[in-house]
Amino acid sequence: SDPAVAYDAKHGVWMIASLPISNTSQTPAVVVSRSTNGGITWQRPVSVDPTASSSDKNWIVCDSWASSPHYGNCYMEWDDPYTGEILMSTSSDGGLIWSSAIGTVNQASGIGGQPLVQPNGNVVVPIESNYMSAFTSTNGGVSWSGLVPIGVIQTHTDAGGIRSGPLPAAAVDGAGTVWVMWEDCRFRAQCATNDLVYSTSTDGTHWSTVTRIPIDPVTSTFDHFIPGVGIDPATSGSGAHVAVHYYYYSRANCAVSTCQLYVGYISSPNGG
């Protein structure tokens, strides 16, 4: 379950992180499948934390910035579903060996983190906690900061029984600006439907005011949720090319028998 893909340019390794599924109560922790020939063949999965009893909502990223002091490091994030604690592990050899799992400096809890690497080697991890938040590492994953707030989460429950929620989608531009996006209803009357909103940061600590993506008027009946964002790494700042996919209903108050699920796309050629 929960596959996430990363490429380690230093070691020439593709990695797929995923959650093993077991018919026992002791499900193994997140594992990494490795390919050194462009995905033609795959090695046996490597357990990131063999001592963990379980794991949830994993994500992986590798530092492929050649100028970074931590070039070739790969970072795995997940949470312990029993305690909610955020956990991180680091590999510096192409995913063969992973460090012992450690939490944030204050053992914070959260879910759905997406680690991103800036060109200077710093790692920023947007994550949902009691609010949209982030934590960072400036030493190649040796230690991790506490959570800092990005913005309060205000969300409308999506209709039709669909499984969704305000987990972050995140990306980094070519200069290291981090974008975090989620579904949020603050701009709608009575919080009746979700827009997609975002905030940006150059250091993972200071974040811009939450901004609405103007997909349609705030008076529309459309409900937007589960975004995914990508940024052309050759672009940045006011010239950043940002692309967003998302799901939506044309009517937010539909029922299981009437909801029609669509996929949407919107982009910006000038950093939003």
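Just so we're clear, the structure is a prediction, and the values are computed from it rather than from any experiment.

Reading the values: the criteria
All chains use their own residue numbering, which begins from 1 and follows the written sequence. Residue-level local features of this predicted model are given only where pLDDT is at least 70; pairs of side-chain atoms are given and counted only at 80 or more, and the full residue set underlies all totals for whole chains, interfaces and linings. Side-chain numbers here rest on the full set of heavy atoms in the structure, without hydrogens or water. Strands are runs of DSSP state E lasting at least 2 residues, helices are runs of H or I lasting at least 4, and numbering of each runs from the N terminus. Under this definition, polar contacts are N or O atom pairs within 3.5 Å; protein pairs additionally need one hydrogen-donor-capable and one acceptor-capable atom, and for neighbouring residues in sequence, both atoms have to be side-chain atoms. Contacts were defined at the residue level, with two residues in contact if any of their heavy atoms lie within 4.5 Å. Two strands qualify as a pair provided that DSSP identifies no fewer than 2 bridges between them. An axis is simply a line fitted to the C-alpha atoms; with a helix, the fit covers only the stretch in contact. Between two such axes, the angle follows the N-to-C directions and lies from 0 to 180 degrees. Residues form patches when they are more than 30% accessible in relative terms and have no salt bridge. Like charges link within 9 Å. Nonpolar side chains (Val, Leu, Ile, Met, Phe, Trp, Tyr) link within 5 Å. Note on areas: Shrake-Rupley with a 1.4 Å probe; residue coverage comes only from the protein chains shown. Salt bridges are defined as contacts in which a side-chain nitrogen from Lys or Arg sits within 4 Å of a carboxyl oxygen from Asp or Glu. For each residue, the accessible area found with a 1.4 Å probe, counting protein chains only, is set against the maximum for its type, and the residue is called buried under 20%, exposed over 50%, and partly exposed in between.

A.B. asks: I keep staring at the side chain of serine 129 and nothing clicks. Help me out?
C.D. replies: Relative to the helices and strands, serine 129 is located in the loop between β9 (123-128) and β10 (132-137). Among the polar contacts listed, one links the side chain of serine 129 to the backbone oxygen of serine 109, at a separation of 3.2 Å. Setting aside residues no more than four positions away along its own chain, serine 129 makes contact with Ser109, Gly110 and Leu147.

A.B. asks: I keep staring at the sheet that holds strand β6 (residues 74-79) and nothing clicks. Help me out?
C.D. replies: Two orientations exist for strands paired in a sheet by backbone hydrogen bonds: parallel and antiparallel. Pairing in this open sheet of three strands is antiparallel, and the strands run β5-β6-β7 from one edge to the other. The strands lining the two open edges of the sheet, one partner per strand, are β5 (56-62) and β7 (86-91). The mean inter-strand angle of the sheet, taken between neighbouring strand axes irrespective of direction, is 15 degrees. Direction of pairing for β6 relative to β7: antiparallel, over a ladder of six bridges.

A.B. asks: Can you walk me through the environment of tyrosine 75 in this structure?
C.D. replies: With respect to the helices, strands and loops of the structure, tyrosine 75 is situated in strand β6. Along the backbone, tyrosine 75 and glycine 160 are 85 residues apart, and their C-alpha atoms lie at a distance of 36 Å. Engagement of the side chain of tyrosine 75 in a polar contact is seen with the side chain of asparagine 73, the distance being 3.2 Å.

A.B. asks: Quick question: what am I supposed to make of a nonpolar patch on the surface here?
C.D. replies: A cluster of nonpolar side chains, contributed by Val5, Tyr7, Trp14 and Trp42, occupies part of the molecular surface with about 390 Å² of accessible area. With respect to the helices, strands and loops of the structure, tyrosine 7 is situated in strand β1 (residues 4-8). Using a relative accessible area of 35% as the deciding quantity, one classes tyrosine 7 as partly exposed.

A.B. asks: Any chance you could explain the sheet that holds strand β3 (residues 31-35) here in plain terms?
C.D. replies: If you walk across this open sheet you meet the four strands as β1-β2-β3-β4, and the pairing is antiparallel. Whereas interior strands pair on both sides, the edge strands pair on one side only; in this sheet they are β1 and β4 (46-47). Sheet topology places strand β2 (residues 13-18) next to β3; five bridges connect them, and they run antiparallel. By the bridge assignment for β3, serine 18 is matched with valine 31.

Fair warning: the whole summary comes from geometry, so function is off the table for now.
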